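Summary of structural features
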Amino acid sequence: MSVLTSLGILILAVFACGFLQLAPSIFAIFYHYASAKNSRDNTLNLSGFFIVGQMMMTMVILFVIYFALYHFLLDNPLLNINVFYWILAGILALLGLFLLIFYYRKSEGTELFLSRKMAKNITGRARSAKKASDVFALGMTSGIFELVFTLPVYIVVVLEIINFESDNVLYQPLLFFSFVIFSMMSTFATRGQFYRQRKNLAEIVRMRKKNKTFYRIMLGTSFILLAVFIVSFRIFK
C-alpha cells in the first residue's frame, strides 16, 4: 500500500507541475521568433537546448533538496516529521488557492501572475535568444521563475523518493528521472504543436486563452489534492 501511495503522490506531483504555464509560454515565444530567423531543423535543434536547460535546472534543484532533506531534516532527532508535513501541506493548500484565483491576471488574455516588468524582460530574452548557450540559459531560468510554486512540490517528490519502499536500488533514480521528464510534459507538448502540427504562436495563444479556466482549475486543484494526500497518507497513516 505504501508503494502505491508513493506512486500516487508522485503522479499527482507530475500533474501539478505539468499544468504550470510559464515555461511552455517562454518556450513558445522563443520558438516563434527563432523559426523566423532559422530553418525548421535548426530551430528544432535549438529548442532542444531549451528543454535540456529546463531539465538540468529541475535536476539541480531536486539534488539540492535531496541533500538538504537527507542530511539536515530526516536525521534531525529534534524535528517531528509530522509537523514538517503539516507545514508542507498548508503551504501547498495556500498555493492551490492562489493558483485558482490569481495565476492568470484579470484580463481576457493569458498574462500570468508575473509583474509586467518581469514579463517584458523574459519576453525580450526569449525573442533575442540566438545561440545554443542563450537558449540553454533561457531554459534553465524558466525553471526558476515558478520556483515559488514548484519548490514545495519538489520537496514532496524528494521525500517520497527517499521513503520509497523497494529492495531494488535502481527504483529511486528511475523515479527521480521519470519525474523530471514527465513534469516537463507541457513544454514537450508545445514543441510538438509547433513542429508536428505546424501551429503558430497566435494559434497556441488562442488555444490557451480558450482553455485557461480549465488549466487554472486543474492546477489549483492538483496542489490542494496533493496537500490532502499528504495529510491523509503521511500524517494520519
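Anything mentioned here points back to the structure above.
What comes next concerns the included structure. Remember, predicted model here, so these are calculated numbers, not experimental data.

1. Quick notes on the pattern of salt bridges
What the rule picks out here adds up to two salt bridges. Of the charged contacts in the structure, one is a salt bridge between Glu-111 and Arg-116, with a shortest N-O distance of 4.0 Å. Accessibility expressed as a relative area gives 54% for Arg-116, which makes it exposed. A salt bridge links Arg-234 to Glu-160; the shortest N-O distance between them is 2.8 Å. Note that Arg-234 is positioned in helix H10 (residues 201–235) and Glu-160 in helix H7 (residues 147–162), a separation of 74 residues in sequence. Glu-160 carries the same exposure label as Arg-234, and that label is buried.

2. Remarks on a nonpolar patch on the surface
Nonpolar side chains collect at one region of the surface, where Leu-4, Leu-7, Ile-11, Phe-15 and Met-185 lie side by side and expose about 450 Å² of accessible area between them. It is helix H1 (residues 2–18) that provides the largest number of residues to the nonpolar patch, a total of four residues. Looking at where Leu-4 falls in the secondary structure, it is placed in helix H1.

3. Points about the nonpolar core
In terms of nonpolar packing, the biggest core is built from 69 residues, with Phe-30, Leu-92, Val-153 and Phe-223 touching the most fellow members. Excluding residues within four positions of it along the chain, Phe-30 makes contact with Leu-46, Ser-47, Ala-126, Ala-129, Val-135 and Leu-138.

4. Description of the packing of helix H2 (residues 22–37) against helix H9 (residues 185–195)
Here H2 crosses H9 at 25 degrees, and the two axes come no closer than 8 Å. In terms of axis orientation, H2 runs roughly parallel to H9. Crossing handedness for the pair H2 and H9: right-handed. For the pair H2 and H9, contact is made by Ala-23, Pro-24, Phe-27, Ala-28, Tyr-31 and His-32 and by Ser-186, Thr-187, Thr-190, Arg-191, Phe-194 and Tyr-195, respectively. Of the residues that constitute the contact of H2 with H9, the class distribution is seven nonpolar, four polar and one charged.

5. Quick notes on H1
If you check H1, its first and last C-alpha atoms are 24 Å apart, about what 17 residues at 1.5 Å a residue would give, namely 24 Å. For H1, the full list of buried residues reads Thr-5, Ser-6, Ile-9, Leu-10, Leu-12, Ala-13, Val-14, Ala-16, Cys-17 and Gly-18. Here the buried face of H1 lies against H7, helix H8 (171–182), H9 and H10.

6. Quick look at the packing of aromatic side chains
Evaluated as defined, the whole model comprises 21 aromatic pairs. Ring centres of Phe-98 and Phe-149 lie 5.9 Å apart, and the angle between their planes is 35 degrees; on these two criteria the pair is classed as tilted. Taken together, the residues Phe-98 in helix H4 (residues 81–102) and Phe-149 in helix H7 connect sequence positions 51 residues apart. Given the relative accessible area of 33%, Phe-98 is considered partly exposed. Aromatic side chains Tyr-103 and Phe-149 sit 6.1 Å apart centroid to centroid with 70 degrees between the ring planes, which places their arrangement in the edge-to-face category. Linking Tyr-103 in the loop between H4 and helix H5 (116–128) with Phe-149 in helix H7, this pair joins segments that are 46 residues apart in sequence. You can call Phe-149 buried: its relative accessible area is 2%. The structure contains a cluster of three or more aromatic residues connected by ring pairs, namely Phe-98, Phe-102, Tyr-103, Tyr-104, Phe-113 and Phe-149. A cation sits over an aromatic face here: Arg-40 above Tyr-195, 3.9 Å from the ring centre.

7. So, the packing of H4 against H7
H7 packs onto H4 with a crossing angle of 140 degrees between their chain directions and a minimal axis gap of 10 Å. In this structure, the crossing between H4 and H7 has a hand that is left-handed. When H4 is examined against H7, the residues Phe-84, Tyr-85, Leu-88, Ile-91, Leu-92, Leu-95, Phe-98 and Leu-99 are found in contact with a partner set consisting of Val-148, Phe-149, Pro-152, Val-153, Ile-155, Val-156 and Leu-159. Its residues placed into classes, the contact of H4 with H7 shows 15 nonpolar, no polar and no charged.

8. A short note on the environment of Glu-146
Mapped onto the fold, Glu-146 is located in the loop between helix H6 (132–145) and H7. Accessibility expressed as a relative area gives 5% for Glu-146, which makes it buried. Put simply, Glu-146 and Ala-23 are 123 residues apart on the chain and 8.4 Å apart in space, counted from C-alpha to C-alpha.

Cut-offs applied
- Residues numbered from 1 in each chain as written.
- Predicted model: local features only at pLDDT ≥ 70, side-chain atom pairs only at ≥ 80, totals over all residues.
- Heavy atoms only, no water.
- Salt bridge = Lys/Arg side-chain N within 4 Å of Asp/Glu carboxyl O.
- Buried < 20%, exposed > 50% of the residue type's maximum accessible area, 1.4 Å probe, protein only.
- Helix = DSSP H or I, 4+ residues; strand = E, 2+ residues; numbered from the N terminus.
- Patch = residues over 30% accessible without salt bridge, like charges linked within 9 Å, V, L, I, M, F, W, Y side chains within 5 Å.
- Areas by Shrake-Rupley, 256 points an atom, 1.4 Å probe, with all protein chains shown as cover.
- Core = buried A, V, L, I, M, F, W, Y, C linked by side-chain atoms within 4.5 Å.
- Contact = heavy atoms within 4.5 Å.
- Axes fitted to C-alpha atoms, helices over the stretch in contact; angles between N-to-C directions.
- Parallel < 35°, antiparallel > 145°, perpendicular 65-115°, else oblique.
- Left-handed = near helix turned anticlockwise from the far one by under 90°.
- Nonpolar A, V, L, I, M, F, W, Y, C, P; charged D, E, K, R; others polar.
- Expected span 1.5 Å × (residues − 1).
- Phe/Tyr/Trp six-rings, centres within 6.5 Å; stacked < 30°, edge-to-face > 60°.
- Lys NZ or Arg CZ within 6 Å of the ring centre and 35° of its normal.

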